[in-house]
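# Topology and contacts: notes
Read off the chains here:
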Amino acid sequence: MMNFFLQEAIEKRKSVRTYLEKPLDSADRDKINCFIDFLTCEPHPFSAKVRIRLFDVDKDINAKDLGTYGVIKGARSYLGVAVNDVPDAMEAVGYVFEKLVLYAQSLGLGTCWLGGTFNRSEFAKAMELSGDEFFPIASPIGYPAPKNHTVDKIMRKAIKADTRKSFDELFFEGSFDSPLIKEAAGEYLYPLEMTRLAPSAKNAQPWRILHDASDFHFYEKKTIPSSNHDIQRLDIGIAVCHFELAAKEKGLSVKITEQAAPHIDAKGLIYVMSCITE
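Residues numbered from 1 in each chain as written. Predicted model: local features only at pLDDT ≥ 70, side-chain atom pairs only at ≥ 80, totals over all residues. Heavy atoms only, no water.

Next up on the list: empty space enclosed by the protein. According to the stated counting rule, one finds one cavity of 30 Å³ or more in the structure shown. Forming the boundary of the largest cavity are L39, E42, H44, Y95, V96 and K99. Per-element tally for the lining of the largest cavity: the top contributor is helix α3 (residues 89-106), with three residues. In the lining of the largest cavity, the residues fall into three nonpolar, one polar and two charged. (1 Å grid on protein atoms, 1.4 Å probe; cavity = no way out; pocket = protein on both sides within 12 Å on 5 of 7 lines; lining within 4 Å. Points joined across faces, edges and corners; volume = space filled by probe spheres on them. Helix = DSSP H or I, 4+ residues; strand = E, 2+ residues; numbered from the N terminus. Nonpolar A, V, L, I, M, F, W, Y, C, P; charged D, E, K, R; others polar.)

Put into structure tokens, the structure is as follows:
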């Protein structure tokens, strides 16, 4: 089902906050719903169960109650995500939902991860949450407008949305004192580069990856205070998604797992999970 050119989707995808005021056509709607069904059935490496739903404005959700505070303009459809409240919930949401975001990009559709600038209770009500679920994020989905509105431009500039950290700031070899150089990455250069381009809240890129022997270990660098549902763990899930998809696209056999962290000085970083090469 992941039959699109990954690098093109990753490189072209950006947060879209200004949309043409038109609903999704029936063909695109069917494709998105079919992909949601695929994601629902596809196994993933987390215990959390992620549920996604496509909403229409004024049919499923009242436009005046969306609470997007002028950040999103023109969107007539939204994606909502629910997940059961378990320790790896946020990582699972990032991992699963990013696949849908990239697929939407391959169809020419715009999206924008929303973690705070929307009325969470209105979306949660429309999602009909079960007792152990919560509603972490939503996203508009639709046809990007030719020009961004002023708020969009200001936000992109404020978070430096079009820049990314350098390769040697994110990836390390053997210890966190030794940056991994591109020439030493070998066949994993492409997965690492696709991970470097992954989106994150406020473009903070809170993941750090340690290459140890044949494995890649994902760590979190805290840039915001901890909370019950750590938004940066969502970013880690997105990064893991990019790494795994890119590795598999190149025919590399990898397995995502949580195991004992390597016995090294983590320099204050928090171990999250590992990608084991097979």
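A separate point is the environment of E193. Take E193: it is sitting in helix α7 (residues 189-196). For the pair E193 and F171, spaced 22 residues apart in sequence, the C-alpha separation works out to 9.9 Å. In this structure E193 touches F167 and K182, once residues within four positions along its chain are discounted. Only 2.7 Å separates the side chain of E193 from the side chain of R196, close enough to count as a polar contact. (Contact = heavy atoms within 4.5 Å. Polar contact = N/O pair within 3.5 Å; in protein donor to acceptor, adjacent residues only side chain to side chain.)

In an α-helix there are 3.6 residues to a turn, and that puts residues three or four apart on one side. Taking 1.5 Å per residue, 18 residues should reach 26 Å; α3 reaches 26 Å between its end C-alpha atoms and fits that length. Among the 18 residues of α3, 17 are classified as buried, and the element is accordingly described as predominantly covered. Note on α3: the residue one or two positions beyond its end, G108, has a positive phi of about 85°. (Expected span 1.5 Å × (residues − 1). Buried < 20%, exposed > 50% of the residue type's maximum accessible area, 1.4 Å probe, protein only.)

The next subject is α7. The buried fraction of α7 amounts to seven of the eight residues, a majority that puts the element mostly inside the structure. All buried positions along α7 are accounted for by Y190, P191, L192, E193, M194, T195 and R196. Those residues of α7 that are buried lie in contact with α1 (6-12), α6 (167-170), β6 (171-173), β7 (207-212), β8 (215-220) and α8 (231-249).

Strands sit in the order β6-β7-β8-β10-β9 across an open sheet of five strands; the sheet is mixed. Whereas interior strands pair on both sides, the edge strands pair on one side only; in this sheet they are β6 and β9 (254-257). Shown here is a sheet whose adjacent strand axes are inclined to one another by a mean of 25°, direction ignored. Contacts between α7 and the sheet are confined to β6, β7 and β8, with β7 contributing the most and set at about 165° to the helix. The sheet strands contacting α8 are β7, β8, β9 and β10 (270-277), and the helix crosses β8 at an angle near 160°. (Pairing = 2+ DSSP bridges. Axes fitted to C-alpha atoms, helices over the stretch in contact; angles between N-to-C directions.)

The residue E220 is located in strand β8 in this model. Residue E220 is classed as buried on the basis of its relative accessible area of 1%. Only 3.3 Å separates the side chain of E220 from the side chain of K222, close enough to count as a polar contact. Here the side chain of E220 touches Q232 through a polar contact of 3.1 Å, side chain to side chain. With sequence-adjacent residues up to four places away left out, E220 is seen in contact with P206, D230, Q232, R233, I236, L269, I270 and V272.

Let us now look at the nonpolar core. Counting residues in hydrophobic clusters, the biggest one holds 66 residues, and the most contacted among them are I32, I52, L79, F97, L100 and L192. Considering every element that reaches this core, the biggest residue donor is α3, with twelve residues. Ignoring sequence-local partners within four residues, the contact set of L79 consists of I32, I36, I52, R53, L54, F97, L100, A138, S139 and I141. Formed by 19 residues, the second largest nonpolar core is a distinct cluster that contains V16, I72, A75 and F135. (Core = buried A, V, L, I, M, F, W, Y, C linked by side-chain atoms within 4.5 Å.)

Right, let's get into the pairing of β7. Of all the six residues making up β7, five are buried; the element is thus mostly covered by neighbouring parts of the structure. Pairing of β6 with β7, which is carried by three bridges, proceeds in the parallel orientation. Across the sheet, residue F171 finds its bridge partner in β7, namely I209. Read as a crossover between parallel neighbours, the route from β6 over α7 to β7 is left-handed. One ladder, built from six bridges, connects β7 with β8; its direction is antiparallel. From the neighbouring strand, L210 faces β8, where its bridge partner is H217. The turn linking β7 back onto β8 is made up of two residues, and A213 within it adopts a positive phi angle of 60°. (Right-handed = clockwise from strand over helix to strand, strands pointing away.)

Next up on the list: unusual backbone geometry. One non-glycine residue, Q205, lies in positive phi territory at about 45°. Relative to the helices and strands, Q205 resides in the loop between α7 and β7. Phi at A213 takes a positive value of approximately 60°, unusual for a residue other than glycine. Counting through the fold element by element, A213 comes out in the loop between β7 and β8.

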